[in-house]
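The primary structure of each chain is shown beneath.
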Amino acid sequence: MVNDNYQILTILIFLPLAAIVPVMLLRGREGLCKWLACSVSSIELALAGWLFCLAPVLPSASVPPPGYFIRQDFPWIERFGIRYSLGADGISVLLVLLTAFIMCIAVLISRKAVTKHVAAYHALLLAITGGVMGVFLSLDLFLFYLFWEVMLIPMLLLIGIWGRGKPVYSALKFFVYTMAGSLLMLLAIIGVYLIHGNQTGHYTFSLLELLGTTIDQSAALWLFGAFLLAFAIKVPLFPLHTWMPDAYADAPPAGSLILAALLAKTGAYGLIRFAYPLFPTAAALLSPVIFALAAAGILYGSWVAYAQHDMKRLVAYSSFGHMGFIVLGIAAWTPLSLSGSVLQMVNHGITTGGLFVLLGMLEERADTTAIDAFGGLWGSIPNFSAFFLLFALASAGLPGLNNFVGEFLLLAGVFRVSPWMAVLAFAGIVPVLIYLLRMVQKVIFTQARTPLGLRDVSLREGLVLSACAILIVALGVYPVPLLDLVRAPVQLISGGPGGLP
Amino acid sequence: MTMADVWAFMPLLIIAFGILSVLLMGAFVPGRSGTVAGMVASLGSAFWALQEPPQTAAPPLGIAFTPFSRFFIVLFSLTAAIVLLLSHDYNKRRGIGGEEYPAAILFATFGMVVLATATNFLNLFLGLEGLTFAFYILTAIDRNCSGSGEAGLKYLLQGAASAAFVAFGIALLYAGVGTLEIQAAMNAVMAGGGNVPIAWGGWGFLLIGLAFKVSLVPAHLWTPDVYQGAPTPVVAFLSTGSKAAGLVALVLLLTALGSGSEMTRMPLWWLSLLSMVLGNLAALRQRNLNRMLAYSSIAQMGYVTLALVTGTREGFSAVILYAVIYTAMNLTAFGAIASLSGEKRMDEINEYRGLGFSRPFQGGMLALAMFSLAGIPPTAGFMGKFAIFAAALGGGETVLAVLGIVTAVVSVYYYLRIVATLYMQAPEGEEASGGASFPEVAALCAAAFVILLLGVYPGPLMDVIDAILG
């Protein structure tokens, strides 16, 4: 039995899940619940940070598969060849760190915002943490699917119970959309499993063993199509995005944050980890389509974002456009573009997440996020406005801030494969700049419309926002540690030598 | 009668003795001791069946005591025990008294056990009709509710028709091959001995009759009305025990038939497709929770049939696994509904608004059952669906599997609508309250434990099922 000494991966997944029990038991004492959720997510962040710092140098009892730092693996349901198999490579470690960071923020920004069913709310946040961690760490297709679904239920309840607007409608729409994709993916997973089993006589769901399966062209196209559908809905990729504006806008602040910063990433991660490596020929064949859809998404997202009157919807569409860039980088499938995409996944998580945090704070104060309701915020709440400006500029891709690095890398990678696509995507950056600046200008700089009497950021909020801001600047200036971590797995996955500048 | 015969008969004897003692006790100490006596009898038969028989002898009088039948004796007996627990307080609230209730439950269990141990067609028929007969009584037992009587009559009329189909099918099979032994008859049919066209005709009639029992479209018409009218714990038993018994009959016949034959594949293929499509689409439109669950159970049986279509060993083991899981899910769902119903029944879905917070235990149980029925991990419903679809794809039924998955997406919507009603909508009028009684808590916790356990660790049960298929 290959059972590498480190239980840290299991702890990362199951600590938050285990913490649900005490949180629910203490449901009468809300302060204690908040405190418990907060400390568990801090421990998660510390563990993830430890993994990030030490992963490359950890000694290992047995040799993990190439590219991976840690692996945990033992049989689970032997009849079907299902194993409890976890592993962390550079990409996983980065996303685990992002998850822990975002969940910390999600807990912190909910301290005041949530007033009803506090214990249940925090239990759900913890459940999402466990599910997303599991998605990023699973190396068994069955286990991956399990976590993929497990993170959906708490999200459904989070939107439905604490949302505003039409929460039930948005929550069910989100859930049914995602289930439609993932159930077909389940069939495809079983399909790969059976094809591999029939070829080798060894039935297994282990990703590393399934990677070498030879699948004939037509079957591969169907199977890849099913995987692509599931991940494209989650990302979301044009034209499967119609659940997104409703869910993003109606979710509570922490919900929008998690949807945009984490759940969208699980879709992109699935493409990188599962869909492309399992079906390389089908992926190569379909990549023009994916290119086209991603580019269409970038342009369409910008165009629609420009027409929005509500800031949450505007940021939702801008996030949709940015995810188009990430998918573009994945579709190019070169080491350079892939590193750009992975880096951009982290960057997008922080900037868009930060914007949603700000909008959540605004919503908490003024009970609306309509653009017309605000104006001249720079005069009344300067600290808030400064953060708002910074995050918006980062989101627009200002050089020196984090998004620029990722977009630059992935567009450079795309340019080598398909110059026209890169040019088109580059043109897509311009409208992003326009609508973001328009929003910033209207909300922060014009004359104050109605005196709202807003309060500036509190210490707790300032802490959260400063953490985001520091990361935005730091990753914009010095992204090397992240790129170092990503280099090896990206080369192994894409099968090419590294082309990092 | 040898010792081996006594061993084989013992579960039946225990239950029969239970029925008699419940009825007799009613004459001397009228009251509510029926529940206890019934539980003792059903648990006793379950424990007996758990034991390994000392020696295997030729089955006497068409009663087998094989691992297969022992497995189902345990399942049916435990289901009956849980139903008795759920009924105890429900009946008190609804004013359903008398010893006939626990006696009828035990009698239905008796029929199920006979069915599970049957090795010839006569016993199969007796078991099937015995249990259906008990359900005619149970469906109509709530005299304070006019819907109950109506449902009983509807069930009786359609049930009689289905009994006729089964009996006629058996008669034709006998005419065709000249034996009532299931294994011998099926061997003769496959080998082409005797008058094969007549035998296949008999097989067709038998299939229609059994489709009625497990409510497959187009033999499903009774299901929504009966689910709506019958007392809720009875529906819990009807939708689990009676359905599982129908599946046992199908598995017994199909495994005896051996490797899948084109003659059985096509009718099952269509029954499965129609049930999945119609059941799921009709469930979308329902306002009454019991009716919705009726259509949902039609769809669920469509999924099970999907695994039956393959005729493979994996298919049959998926069917049995799903029968167990489905039993736990529906016991939890109807158990929660029964526990929520007070003097007035909870019928409309709208009445469940906000109950997830005002009555957290029952609401949570209902939500768990809905997630499991929708097939969302980490519940057992997901494991069951996974096994079914893996078996279907492995058996080459790709088209039907894809169509089934598409209908499953539809089903997610109506199951989650219930969860949304429970947790995301404000209650109308004053807040309902009231916890569950101790028997209800025990029964619901047991069923929910099975759902969660099989959802994360189904390995041991799968091994057992593998073993009983021989």
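1. Examining the pattern of salt bridges
Residue and element names in this part refer to chain A.
No. 1: Applying the stated rule across the entire model yields 20 salt bridges over all chains.
No. 2: Asp246 is the salt-bridge partner of Arg313, the closest N and O atoms lying 3.3 Å from each other. With a gap of 67 residues between them, Arg313 in helix 13 (residues 311–332) and Asp246 in helix 10 (residues 243–250) connect regions that are remote in the sequence.
No. 3: Given the relative accessible area of 25%, Arg313 is considered partly exposed.
No. 4: Among the charged side chains, a salt-bridge network with shared partners connects Arg164, Lys312, Glu363 and Asp367.

2. Topic: helix 13 of chain A
Residue and element names in this part refer to chain A.
No. 1: In this model, helix 13 (22 residues) spans 32 Å end to end at C-alpha, consistent with the 32 Å of a helix rising 1.5 Å per residue.
No. 2: Judged by how many residues are buried, helix 13 sits mostly within the fold: 21 of 22 residues are covered.
No. 3: The residue sitting at the N-terminus of helix 13 and contributing the capping side-chain oxygen is Asp310; that oxygen lies 2.9 Å from the backbone nitrogen of Lys312.

3. Some details on the interface of chain A and chain B
No. 1: Counting residues at the interface gives 30 residues for chain A, matched by 34 residues for chain B.
No. 2: Sorting the residues of chain A by area buried against chain B places Arg79(A), Leu172(A) and Leu187(A) first, and these three jointly supply 20% of that buried surface.
No. 3: The tally of links from chain A across to chain B stands at one salt bridge.
No. 4: Applying the counting criterion to the chain A and chain B interface returns three residue pairs in polar contact (both at pLDDT 80 or more).
No. 5: Of all the elements in the fold, those that place two or more residues in the side of chain A that touches chain B are strand 1 (68–77), helix 5 (141–150), helix 6 (152–162) and helix 7 (167–200) of chain A.
No. 6: Looking at the side of chain A that touches chain B, the element that brings in the most residues is helix 7 of chain A, giving 13 residues.
No. 7: Counted by class, the side of chain A that touches chain B contains 25 nonpolar, three polar and two charged residues.

4. Quick look at the confidence of the model for chain A
No. 1: For chain A, per-residue confidence averages 86 on the pLDDT scale, and 95% of positions sit at 70 or higher.
No. 2: Of all secondary-structure elements in chain A, the lowest mean pLDDT belongs to helix 15 (residues 377–380) of chain A, at 80, while helix 5 of chain A reaches the highest, 92.

5. Remarks on helix 9 (residues 222–229) of chain B
Residue and element names in this part refer to chain B.
No. 1: The buried fraction of helix 9 is high, at six of eight residues.
No. 2: Here helix 9 has its buried residues at Trp222, Thr223, Pro224, Val226, Tyr227 and Gly229.
No. 3: Those residues of helix 9 that are buried are in contact with helix 5 (121–139), helix 6 (146–177), helix 8 (196–213), helix 10 (232–257), helix 12 (289–310) and helix 13 (313–340).

6. A word on the side chain of Asn290(B)
No. 1: Tracing the chain through its elements places Asn290(B) in helix 12.
No. 2: For Asn290(B), the residues in contact, after removing those within four places along its chain, are Tyr227(B), Gln228(B), Thr232(B), Phe334(B), Ile337(B) and Arg345(B).

7. Some details on the side chain of Glu407(A)
Residue and element names in this part refer to chain A.
No. 1: Position of Glu407 relative to the elements: it lies in helix 17 (residues 402–417).
No. 2: Buried and without a salt bridge, Glu407 has Lys265 as its closest oppositely charged side chain, separated by 12 Å.
No. 3: If we skip the residues at most four places from it in the chain, Glu407 touches His322, Phe325, Gln344, Gly397 and Ile429.

Basis of the calculations
- Residues numbered from 1 in each chain as written.
- Chains lettered and ligands numbered in written order.
- Predicted model: local features only at pLDDT ≥ 70, side-chain atom pairs only at ≥ 80, totals over all residues.
- Heavy atoms only, no water.
- Salt bridge = Lys/Arg side-chain N within 4 Å of Asp/Glu carboxyl O.
- Helix = DSSP H or I, 4+ residues; strand = E, 2+ residues; numbered from the N terminus.
- Buried < 20%, exposed > 50% of the residue type's maximum accessible area, 1.4 Å probe, protein only.
- Expected span 1.5 Å × (residues − 1).
- Polar contact = N/O pair within 3.5 Å; in protein donor to acceptor, adjacent residues only side chain to side chain.
- Contact = heavy atoms within 4.5 Å.
- Buried area = accessible area lost by both parts, 1.4 Å probe.
- Nonpolar A, V, L, I, M, F, W, Y, C, P; charged D, E, K, R; others polar.
- pLDDT = per-residue confidence, 0-100.
- Lys, Arg positive; Asp, Glu negative; His and termini not counted.

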